Structures are given as C-alpha cells and as structure tokens.
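Structural features, examined
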Amino acid sequence: MPAFVTDLTREILRLWREFHWLPEWAVISIIVAVFVFAGWAANQIVFALLKLAVRKRDVFWRGTVGRARLKVRIAVMIAALALAVTVSPLDPEPSLAIRQTLLFGFILTVGWMLIGASDMWAVVYLRRFNMETEDNLVARKHVTQARILQRVAALLIGIVTLGLALLTIAEVRQWGLSLLASAGVVGIIAGLALQPFLTNMIAGIQIATAQPIRLDDSVVVEGEWGTVEEITSTYVVIKLWDWRRMVLPLSYFINTPFQNWTRETARLIGSAFLYVDYEAPIERLRAELERICRASAFWDGDVVSLQVTDVTDRVAQVRCLASARNAPTAFDLRCEIREKMLAFMRDECPEALPTQRQLNATVEPQS
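Reference entry: report on the structure contained in this document. (Residues numbered from 1 in each chain as written. Predicted model: local features only at pLDDT ≥ 70, side-chain atom pairs only at ≥ 80, totals over all residues. Heavy atoms only, no water.)

1. Topic: the overall build of the chain
Helix and strand counts for the chain stand at eleven helices and eight strands. Split into buried and exposed, the 367 residues of the chain put 34% on the buried side. Put simply, 66% of the contacts in the chain that link residues at least 6 apart link residues at least 24 apart. Summed over all atoms, the accessible surface of the chain reaches about 22200 Å², with 63% contributed by carbon and sulfur. (Helix = DSSP H or I, 4+ residues; strand = E, 2+ residues; numbered from the N terminus. Buried < 20%, exposed > 50% of the residue type's maximum accessible area, 1.4 Å probe, protein only. Contact = heavy atoms within 4.5 Å. Areas by Shrake-Rupley, 256 points an atom, 1.4 Å probe, with all protein chains shown as cover.)

2. Remarks on the side chain of Glu 288
Counting through the fold element by element, Glu 288 comes out in helix α10 (residues 282–295). If we ignore the near neighbours within four places in the chain, the residues touching Glu 288 are Met 341 and Phe 344.

3. Section: helix α11 (residues 327–347)
For α11, which comprises 21 residues, the first-to-last C-alpha distance of 30 Å matches the rise-based estimate of 30 Å (1.5 Å per residue) to within 8%. Among all positions of α11, only Ala 327, Thr 329, Ala 330, Leu 333, Glu 336, Ile 337, Met 341, Phe 344 and Met 345 are buried. Considering only its buried residues, α11 is in contact with β1 (218–221), β2 (224–231), β6 (268–276), α10, β7 (299–311) and β8 (316–324). (Expected span 1.5 Å × (residues − 1).)

4. Digging into the packing of aromatic side chains
What the rule picks out here adds up to three aromatic pairs. When the centroid spacing of 6.0 Å and the interplanar angle of 45° are considered together, the rings of Trp 225 and Trp 261 count as tilted. You can see Trp 225 sitting in strand β2 and its partner Trp 261 sitting in the loop between β5 (259–260) and β6, a full 36 residues away along the chain. Ring plane angle 75° and centroid distance 5.2 Å describe the contact between Tyr 252 and Phe 253, whose orientation is recorded as edge-to-face. When sorted by exposure, Tyr 252 lands in the same class as Phe 253, which is buried. (Phe/Tyr/Trp six-rings, centres within 6.5 Å; stacked < 30°, edge-to-face > 60°.)

5. Regarding the pattern of salt bridges
Taken as a whole and assessed by the stated rule, the structure comprises eleven salt bridges. By sharing partners, the salt bridges in this structure join Glu 224, Asp 242 and Arg 244 into a single network. (Salt bridge = Lys/Arg side-chain N within 4 Å of Asp/Glu carboxyl O.)

6. Topic: the environment of Ala 33
Residue position: Ala 33 is located in helix α2 (residues 24–54). According to the relative accessible area criterion, Ala 33 is partly exposed, its value standing at 47%. Measuring from C-alpha to C-alpha, the distance between Ala 33 and Leu 81 comes to 8.9 Å, with 48 residues separating the pair along the chain.

7. Observations regarding the sheet that holds β7
One open sheet accounts for three strands, arranged β6-β8-β7; its pairing is antiparallel. At either margin of the open sheet sits one strand with a lone partner, and together these are β6 and β7. The mean angle between the axes of side-by-side strands here comes to 20°, regardless of whether they run parallel or antiparallel. As paired strands, β6 and β8 are joined by nine bridges and run antiparallel to one another. Across the sheet, residue Leu 274 finds its bridge partner in β8, namely Val 318. On top of the sheet, α10 reaches β6, β7 and β8; it is set at about 155° to β7, its chief contact. In the packing of α11 onto the sheet, the strands contacted are β6, β7 and β8, and the crossing angle to β6 comes to about 25°. (Pairing = 2+ DSSP bridges. Axes fitted to C-alpha atoms, helices over the stretch in contact; angles between N-to-C directions.)

8. Here's the deal with the sheet that holds strand β4 (residues 245–249)
If you walk across this open sheet you meet the five strands as β4-β3-β2-β1-β5, and the pairing is antiparallel. Pairing within the sheet leaves two strands with one partner each, and these edge strands are β4 and β5. Two elements, strand β3 (residues 235–240) and β4, share five bridges in a ladder whose sense is antiparallel. Counterpart to Val 237 in the pairing with β4 is Val 247.

Rendered as structure tokens:
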C-alpha cells in the first residue's frame, strides 16, 4: 500500500477516535462521499484541461477525448471508491471484497476505453472516403479493411481485458490453473470448441489484408447474385437481388470458389442473348444495338458489340455486349437492350423473328 494512503488512513482513524460518538457507518459514508466528490471534481478539472489541450489538434484526439468522458469518469469514480474503502474503518474482509470488485470493474472500464479509442480511429480514418461515388473501388477497399480490423481489435481487447479482470479473483484464477493442469484435457476441449471461432477470426484478418471481397462488391455465391452488405468479425451478409439476405461465415470466402464481379473495378460488361432466324440481317441488328446504347443513360460509352455465338437446328444465338459503370447499371442496361431489340425485330425487322422449320415428309399415296 502506498505511504500516503497509510498516512491518510492513520489520520482518518485518529479523527474518528476523537469523534467516537459517530457510528461507524456514518464515518464510512462521509469518507466515501468526500472521496467521490473529490474524484468528480478532479475529473471535471482534468477534462477541462484536456479539452483546452486538444482543441487545436486533429479530429482523432478531439473525438477520443469526447467519447472517453463517461468512461474516464467511471474509472475515476471506481478509483475514488477504492481509495475511500481502503482508508475507511471498514472491516478487512468486506473491504477486500469491495476492492476486488472495484478492481475488476476498473480493468473492464479501461478495456472499454481502449475499444472506444479503436472505434474513434476507424471513424476518423473512414472520413476520407466516400462510398456514394459510382467508382468507389478505393473507398470500398479501405472501408472493408478498417471495419474488419476494428472488429477484430475490439474482440481481442475484450478477450484480453476479461482475462486480466478474472486474474484478479483468486478463486477463479486457481480454478482455471487447476483445470489447465489436469493432463491438458480441458485445453484440448477448449481448442476444439473454439476452432470455428478462431478459423473465422483468422479468415477475417485474411480478408482485411488480401481483400477477396469488399463492402458493396457484386458477387455470385451459392448460385445467387447479390452485393456485400456487411462484414463482421465472424460472418458476411450478402444482400441478394430480391432483398433477401444470405449470411455466410468468413471462412467461406477463403475456402470456397465464388464470383466477384467488382474485384478490380466497379465497371462491368453486361450480356443479353437473342435467338433469331437464319434470315436475320445481322448488320441491321448490330447497328440497332449501337443506336440503343448511344441513346441509353446506362451505357458508359465504352464497349458495345453484337456477335453470333451459336447456331442450332432451329435458330441462331446472338450475344449483345455493352459496358456500364457498375453492376446495378449493367443489369438495367441488359434489360433495356432485350426490350428494345425485341421491339425492333417485331416492328422493323420481322424476318429476324424465329420461325418453325419442319422437313417436308414424303407421304405415300393411299391404295
């Protein structure tokens, strides 16, 4: 125990003996009230000085001080209560139990403060990037990294903080040591039980660094097309085209092949297939496709092409290609091409529409 605390305790006990007519609970209450008030006043003074110190600093320091106000106040109150209990004439056993409880809460509060600091770092870092732009590849890259690392850091800080807090309780510490010492069985069982959790946590770090997926990426998983809506420390939420949500573990994107349509850029080439008759004038269809794309608000002015990609015994398959700024726009462009090419063949070029072809069968005359 520090010397100043011992001297303060002796002085308080001496004063209590002089005012022995006060009951013990009243003395304890007065001491607690005095220390709590002193802690509150010290907290107000310290935060006033901190606000002056960081008012010209960057957003991170100003935001951290603002977010930490409640947490620091709780930590200061815990420290004041612990000091009050230490110097008060409380019996040793309840005094020790209260101080252990306060120490447990103090460690948890410090961990809470560290998680808040990491959250503030992520908020300040992500202010540099705008996810609303059409070509938001760089923004999605950094937002994905920051959010995954933020959640992993919060998880690790929480685990370490809880572990340190439990070490302050002798009964729990001894129980844990005795279990771990019993032939390692508990350690093996715990390792097997935590394997999925640890696998997803490691997968999250891999995704944050290698980035096979990012927020707002257009992907095809399990035969479904959708966009990456959320990436947590253990799972990924895919928003499907019909607004359903597919939830997959992080390890899925490390161990299973999938399609990422926006891995390098948000731009895409969309395709629309038409089935036409052999008599279809391909050059007229190609010119009409170019006219449709130039008049469309969805086309980005880059790729436009029409080719015959297959011929069956009945029809010819024609593939229309056109590029767009991003996946949703490419989908709209493909639909527009189908609709307008179909209307063009119906109204202006009916010879392109498929017709039923049958071989003339030889009919034997009846006897």
